[in-house]
Amino acid sequence: MFNGIVSIRNKNGEEKVKIERTGGASSPIWSICWNPSRDERNDILAVADWGQKLSFYQLSGKQIGKDRLLNFDPCCVSYFTKGEYILLGGSDKQVSLFTKDGVRLGTIGEQSSWVWTCKVKPDSNYVAVGCQDGTISFYQLIFSTVHGLYKDRYAYRDSMTDVIVQHLITEQKVRIKGRELVKKIAIYKNRLAIQMPEKILIYELYSDDSSDMYYRVKEKIVKKFECNLLVVCSDHIILCQEKRLQCLSFSGIKEREWLMESLIRYIKVIGGPPGREGLLVGLKNGQILKIFVDNVFAIVLLKQSTAVRCLDMSASRNKLAVVDENDTCLVYDIHTKELLFQEPNANSVAWNTQCEDMLCFSGGGYLNIKASNFPVHQQKLQGFVVGYNGSKIFCLHVFSMSAVEVPQSAPMYQYLERKMFKEAYQIACLGVTDTDWKELAMEALEGLEFETAKKAFTRVRDLRYLELISSIEERKKHGESNNELFLADVYAYQGKFHEAAKLYKKSGHEDLALEMYSDLRMFDYAKDFLGSGDPKDTKMLIKKQADWAKNINEPKAAVEMYLSAGEHMKAIEISGDHGWVDMLIEIARKLDKAEREPLSKCAFYFKKLDNPGYAAETYLKVGDLKALVHLHVETHRWEEAFALSEKHPEFKDDVYVPYAQWLAENDRFEEAQKAFHRAGRQSEAVRVLEQLTHNAVVESRFNDAAYYYWMLSMQCLDIAQENEQQKTEMLQKFHHFQHLAEVYHVYHSIQRYTELVPLCYRCSTNNPLLNNLGNVCINCRQPFVFSASSYEVLHLVEFYLEDGITDEEAVALIDLEAPRLNKRENKWQEIMTDNAQSLRLDDNTDIIEDDPFTAKLSFVQGGSEFVPVVVNRAVLQSMSRRDVLIKRWPRPLRWQYYRSLLPDASITMCPSCFQMFHTEDYELLVLQHNCCPFCRRRIDESNQ
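Note that this is a predicted model, so its numbers are computed, not measured.

About the thresholds
- Residues numbered from 1 in each chain as written.
- Predicted model: local features only at pLDDT ≥ 70, side-chain atom pairs only at ≥ 80, totals over all residues.
- Heavy atoms only, no water.
- Helix = DSSP H or I, 4+ residues; strand = E, 2+ residues; numbered from the N terminus.
- Buried < 20%, exposed > 50% of the residue type's maximum accessible area, 1.4 Å probe, protein only.
- Contact = heavy atoms within 4.5 Å.
- Areas by Shrake-Rupley, 256 points an atom, 1.4 Å probe, with all protein chains shown as cover.
- Salt bridge = Lys/Arg side-chain N within 4 Å of Asp/Glu carboxyl O.
- Pairing = 2+ DSSP bridges.
- Axes fitted to C-alpha atoms, helices over the stretch in contact; angles between N-to-C directions.
- Arc of directions from axis to C-beta.
- Phe/Tyr/Trp six-rings, centres within 6.5 Å; stacked < 30°, edge-to-face > 60°.
- Expected span 1.5 Å × (residues − 1).
- Nonpolar A, V, L, I, M, F, W, Y, C, P; charged D, E, K, R; others polar.
- pLDDT = per-residue confidence, 0-100.
- Core = buried A, V, L, I, M, F, W, Y, C linked by side-chain atoms within 4.5 Å.

Student: Any chance you could explain the overall build of the chain here in plain terms?
Tutor: Helix and strand content of the chain: 26 helices and 50 strands. Taking all 944 residues of the chain together, 46% fall into the buried category. Once local pairs closer than 6 in sequence are excluded, the contacts in the chain between residues at least 24 apart make up 40%. Surface summary for the chain: the accessible area is close to 49500 Å², and the carbon and sulfur share equals 48%.

Here it is in structure tokens:
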């Protein structure tokens, strides 16, 4: 210790840390104390040496901060139990209080000899001191609250040297650090004054923002002042010394002074222009004064018989609240000096800064809120009330300031009970629940205080009542002044219907009561307000009752009521929507034929409900023949339509054109053709088929498309026979449509994934599936003849007649079928039966004479031009009739001739469309569909 070295050892005596201090042996250590705090400071040592220094070290040996110089030799150092303060005593014969950082705060007690030891009683503020002369002293330390408040800003001392400014609304805090004892604090608007032992610091806010919390030093008065109270204004500080008040500028110059008759007990800044602020001063003798900082004369507001403890002035400065030494709160009218009321058990009082007639006071563990001269509303609260702003009450409890949110419901209802709506609205603005706002709005509305009601309903965003108020105000602008009528509307909106009806009747507006009950579907009550049998009102009531019956799903009752009220259209619509045909025909038969609109509506529903007979009856009643024709057409009642068109030829097109279209759509094309012809619409027939063909192609129904194209080709051929002018055009279309029919019929099978490898039966050449030359042989150029079902190449070769041979002569020659001569040769013979196929070598086999047609099949190898097979009369005569197929086209077309090269393989040709099939395929398809697969000719039809 005397060598200036601190050694820290464990319980076994082993040294853990060694602290070598500057100064060495010349500064022996006299006292060491470990900070007992349980936060980050609990590893700090306070070291006092006889070099008149106080030092701080961490347990690691590192020194914290600089040495604190003392003016005496310290003999003892001791921490408070929570480590926030240090006691130090020594050769100066006194015990001093320091902060935990070594800043001297003041003297606890002076002794007659050196202080050798000082200790703090655990968890208390009691201090024991031992001196060199053997005396022991015992002290209690009182740490008084040093603070200041102005509206929502509260400043208080912390750790004896710091000042914390708290914004009570936003809960923001800012710390202003100091190195000296803070003795007094005062705050006002944007000013903060802090008194220290030898100076006063004046701070100002950095900006004018109401939420700004950044303070900066504005002025510094380096002078020692002794005062009981400190007050700061915009440009001055006020010092209170017993009976004396001194006003100083921020530069420290005394500008004026006031001397009172008695001790000053309370000072409060009540605001005013900068440099001219007013102060409220309460004295011990009960006198209350107002002082302006720019005036040397004090104004006596009133004097009471008891001493002043606390006081406050209302927002408009018309009332004064005083708490006296008897714990009584007294409220005066400042102008008349009259005592308005008084309340017991008060220790502090504050007026609401936003409402003139509201104040609160604390005392006896309760918070008391008083509005005007109504009874006090109480709730439990510990502490002192120091401010009241809106719905927030600022309360100081021990060392803590808090903002308590207090609903203002109780005082608001007190005003409502006395119909003081405007005052109740002012209280509500301070802070009440949504339920309270609604109650205020309703009460004001019933009291016909529309301005207050509008504001309250706006708060709760009730558009329905706002619309009511707006309509009433608009009516008042136009001269209406019947308050009973206005109140009746209010009652109606509130659901007080019977009260509203009474007021409607009282004000002479029974019609409004009738309308109200009708809208409410309270028809029994509504009947009581029907005038003197006015049929118009009766009809209106019945109509509304019918509307109600419809809405509650009573349609039959609604129909009867609508009929009673003459609302035929609505009755018809309900009956039609519910499918009541009997009701509709009953209505239609009762209606006059002049009522065309409801009758047409009945006919519309008859059609919709599949009752064309009733619809026809209705159309006949109104004489709408065109609608009747359309009805017959839409329902396909063609006989009735034909009969009507015979009587009225102007509807011929309206009947036959739809009839023809219907026939075409139902595959009755021959009948459709006749119908179009009868209507004189041949082009429409073609157009319908073209549309059907297009639809079939779009829908990938290629078999149907082929059939439709075939029908189109045949119609074109019919037109060519009848019309010489269109003959050429129609023949071109015939060939075009024939080609398309065959193409689509082919593609029907291709689209069903059939792969064919064509074989030319003229030259026996296998052809590729994809051929750039088209559907002809790549060798001999002979066109292929395909089966119209499987689209295999048929063993047919088309041949042509020599010039001069007519179709009739050619058929006659073929039918002759001259006998052929056989030659005997030793050749192989092929024998075919139904069950087997075999070859036999036989010397006696009859060999058929060379066929003249086969000789015609020869062609020039390598040629690029097609050489058709042309036969003369001799070749025709040599042919067998069963080997020849003839397409007998009607004139002006020529017939086409085909020769089978495999007579044993049977081929069948349809006599209608001339498409050719393998016989087995054809018979199977006919059995399946009972018609030709290409032209759909039924097998039971004749060939004509």
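Structure's up, so let's keep going.
Student: Is there a simple way to think about the pattern of salt bridges in this case?
Tutor: Two side chains carrying opposite charge are able to pair once their charged atoms lie near each other. Enumeration according to the criterion identifies 26 salt bridges in this entry. Note that Asp-704 is salt-bridged to Arg-936, the shortest N-O span being 2.0 Å. Placement of Asp-704 in helix H21 (residues 702-722) and of Arg-936 in the segment after helix H26 (919-929) is noted, with a sequence separation of 232 residues between them. Of the residues examined, Asp-704 reaches a relative accessible area of 17% and is grouped as buried. Exposure remark for Arg-936: the relative accessible area of 26% places this residue in the partly exposed category. Note that Arg-882 is salt-bridged to Asp-883, the shortest N-O span being 3.8 Å. Linked through salt bridges whose partners overlap, the residues forming this network are Arg-191, Glu-204, Arg-216 and Lys-218.

Student: Would you mind going over the sheet that holds strand E31 (residues 319-324) with me for this structure?
Tutor: By way of backbone hydrogen bonds, the strands of a sheet pair with one another, either parallel or antiparallel. With antiparallel pairing, 4 strands are arranged side by side in an open sheet as E30-E31-E32-E33. The sheet is open, and its two borders are formed by strand E30 (308-313) and strand E33 (339-343), each paired with just one other strand. Neighbour-to-neighbour, the strand axes of the sheet open up by a mean angle of 20 degrees, direction not taken into account. Taken together, the 4 bridges between strand E32 (residues 329-333) and E33 define a ladder with antiparallel strand orientation. Residue pairing for E33: Tyr-332 is matched across the bridge by Leu-339.

Student: Honestly, the pairing of strand E4 (residues 44-49) in this entry has me stumped. Any pointers?
Tutor: Look at any regular strand and the pattern is simple: side chains alternate between the two faces of the sheet. Of all 6 residues making up E4, 6 are buried, and the element is well covered by its neighbours. Burial along E4 is two-sided: the residues Ile-44, Ala-46 and Ala-48 and Leu-45, Val-47 and Asp-49 are all buried. Here 6 bridges tie E4 to strand E5 (residues 53-58), and the two strands are oriented antiparallel to one another. For Val-47, the partnering residue across the bridge sits in E5 and is Ser-55.

Student: Which parts of the structure should I look at to understand helix H13 (residues 581-590)?
Tutor: Every α-helix winds through 3.6 residues per turn, so residues three or four apart in the chain are directed the same way. Those residues of H13 that fall on the buried side of the exposure criterion are Val-581, Leu-584, Ile-585, Ile-587 and Ala-588. Here the buried residues of H13 occupy an arc of 160 degrees about the axis, which is enough to place them on one side. Among the exposed residues of H13, those pointing more than 90 degrees away from its buried face are Asp-582 and Lys-590.

Student: Can you walk me through the sheet that holds strand E19 (residues 191-196) in this structure?
Tutor: Read across the open sheet, the 4 strands follow the order E18-E19-E20-E21; overall the sheet is antiparallel. Strand pairing shows two members of the sheet lacking a second neighbour, strand E18 (184-188) and strand E21 (215-221), which therefore form its edges. Across this sheet, the average inter-strand angle for adjacent strands is 20 degrees, counted without regard to direction.

Student: Which parts of the structure should I look at to understand the packing of aromatic side chains?
Tutor: With the rule as written, the count across this model stands at 23 aromatic pairs. Taken together, a centroid distance of 5.7 Å and an interplanar angle of 80 degrees make the contact between Phe-80 and Tyr-85 edge-to-face. The same class applies to Phe-80 as to Tyr-85, namely buried. Geometrically, the ring pair formed by Trp-889 and Phe-914 is edge-to-face, given 4.7 Å between the ring centres and 85 degrees between the ring planes. Of the two residues, Trp-889 is situated in the loop between strand E47 (884-887) and strand E48 (896-900) and Phe-914 in the loop between strand E49 (907-909) and strand E50 (916-918); the sequence distance between them amounts to 25 residues. On the basis of relative accessibility, which here comes to 8%, the residue Trp-889 falls in the buried class. When its relative accessible area of 8% is taken as the criterion, Phe-914 is described as buried.

Student: Looking at this structure, how should I read H21?
Tutor: With 21 residues, H21 extends 30 Å between its outermost C-alpha atoms, agreeing within 8% with the 30 Å of an ideal straight helix rising 1.5 Å per residue. Counted residue by residue, H21 has 17 buried out of 21 residues, so it is predominantly covered.

Student: Mind showing me how you'd approach the packing of helix H3 (residues 434-446) against helix H6 (residues 483-494) here?
Tutor: The geometry of a pair of packed helices is captured by two quantities: the angle between their axes and the separation between those axes. Closest axis-to-axis distance for the H3/H6 pair is 9 Å, and the angle between their directions is 150 degrees. Each of Met-442, Leu-445 and Glu-446 in H3 lies in contact with H6, whose residues at this interface are Leu-487, Val-490, Tyr-491 and Gln-494. Of the residues contributing to the contact of H3 with H6, the split by class is 5 nonpolar, 1 polar and 1 charged.

Student: Before we go on, may I ask you to explain the confidence of the model for the chain in this structure?
Tutor: When pLDDT is low, close inspection of the predicted coordinates is not appropriate. Here the chain shows a mean pLDDT of 80. Residues at 70 or above account for 81%. Confidence over residues 823-848 falls short of pLDDT 50; this stretch has 40 contacts with residues more than four positions distant or in other chains.

Student: How should I be thinking about the nonpolar core in this particular structure?
Tutor: General note: in soluble globular proteins, nonpolar side chains tend to be found buried as a group. Judged by nonpolar contacts, the single largest core of 49 residues is most densely connected at Leu-440 and Leu-445. Ranked by residue count, the leading element in this core is H6, at 7 residues. Those residues in contact with Leu-445 that sit more than four places away from it in its chain are Phe-450, Ala-453, Phe-457, Tyr-465, Leu-468, Ile-469 and Val-490.

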